[in-house]
Amino acid sequence: MVKIAVLGPIPRDTIYTYQNEVIRKYGCVTHPVIALSKLLGEEGEVIPVSKVHQKDHQGILDVFSPYTNINTDYIDSKENRGTVIELKFIDQNNRLEKQTACMKPILPDDIADLDDIDAYVFVPITDFEISLSTLKYIKEHKKGAIIFDAHGPTTTMSMIGDRYRKFWVDMDEWLPYIDILKMNLEESQVCWFEDEYEVEEMSSYDEEKTDHLDDMAAHVLKKGVSYFYVTLDSRGCVLYYLENDKIIKTFIKSVFMKDVIDTTGCGDSFAGGLAYGFSKFQEPIKAGQYANTLGALRTQGKTFDVFKNKKETEEIIKYYYNN
């Protein structure tokens, strides 16, 4: 039996798609949890760990209720502090974000009695939701791989609720406590920055800028991360790891989807795919294939029906990666 914990917010999302549709649902943690639930079936258990508003608690339990292998005991509403997000997509991948409520951070006490976990998947979306002390606690007292999505520490919010990208200035303090680090290309560009900039040099995301990745990967691996994944939108992802003290760089192509309906939760689903791949196969390329597949499936609709069971998912992977 595989046991995977997914830690982060379960926001009450209102999403305005680039196709002028409005979607209201509970997001973030829900995507990898349900994707993993369908993949694992009777072979495992998924444990979401989150803090939510009291008025959302029952609705969130209702979302998970059809899936018998999801343990909801670690969804906590005692402090009545959850996350509320509004997303307005400008195009398929870019969006404007507002946040009007902030969950309390997940601390060591929240997982003290959570044992025998094969993988801890951290999917924060803002920089205060996961405490570094929690990662340290797992390293010192628990077993199981720590998979960490950099979306949280590279995102913050203003007093008027605007969410925006920020430099992950203290990244080096976190890296020794992360086994598998995942981020997208934009996030990588605010993790690998100059000592000082001229004002005119400071610019927004450049989707063509990848020349920093090799140097960044060498640094990340030197600090203790075992596997480093950077997603490249529809192109796939690049994987770095050490083998006999040599850095191995591998590109894992995407799973192509013709029609993209909703990209919300793709990164979270990708992280869930990594957890499944490492827990079941302990193989980084296979894990990347599962991650790409779950991320691609997430784009295919507004509901959790987009995710497939083990057999169906394996057929997709066989078609795209074994032919």
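Residues numbered from 1 in each chain as written. Predicted model: local features only at pLDDT ≥ 70, side-chain atom pairs only at ≥ 80, totals over all residues. Heavy atoms only, no water.

Student: Please provide a residue-by-residue account of the environment of T154, values included.
Tutor: With respect to the element layout, T154 can be found in the loop between strand 9 (145-149) and strand 10 (155-157). In contact with T154, not counting residues within four places along its chain, are Y164, R165, K166, W168, E187, V190 and C191. (Helix = DSSP H or I, 4+ residues; strand = E, 2+ residues; numbered from the N terminus. Contact = heavy atoms within 4.5 Å.)

Student: Explain unusual backbone geometry to me, and be specific about the residues and the numbers.
Tutor: What is expected of a backbone is that most residues other than glycine have negative phi and most peptide bonds are trans. A positive phi angle, near 50°, is found at C28, a position not held by glycine. Considering the arrangement of structural elements, one finds C28 in the loop between strand 3 (22-26) and helix 1 (30-40). Backbone geometry places D245, a non-glycine residue, at a positive phi of 65°. Given the relative accessible area of 77%, D245 is considered exposed. (Buried < 20%, exposed > 50% of the residue type's maximum accessible area, 1.4 Å probe, protein only.)

Student: Would you mind going over the sheet that holds strand 6 (residues 84-89) in detail, with residue names and values included?
Tutor: Judged by pairing direction, the sheet is mixed, and its four strands sit side by side in the order 3-2-6-7 without closing on themselves. Either end of the sheet is taken by a strand with one partner, and the two such strands are strand 3 and strand 7 (95-101). Ignoring which end each strand starts from, the neighbouring axes of this sheet average 15° apart. Across five bridges, the pairing between strand 2 (residues 12-16) and strand 6 is parallel. (Pairing = 2+ DSSP bridges. Axes fitted to C-alpha atoms, helices over the stretch in contact; angles between N-to-C directions.)

Student: Give me the pattern of salt bridges: which residues, what numbers.
Tutor: Summed over the entire model, instances satisfying the criterion amount to 19 salt bridges. With its nearest N and O atoms 3.7 Å apart, the salt bridge here joins D262 to R298. Remark: R298 occurs in helix 8 (residues 284-298) and D262 occurs in the loop between strand 15 (246-253) and helix 7 (266-281); sequence separation between them is 36 residues. Classification of R298 as buried rests on a relative accessible area of 0%. One salt-bridge network, held together by shared partners, links K51, E79, K104 and D110. (Salt bridge = Lys/Arg side-chain N within 4 Å of Asp/Glu carboxyl O.)

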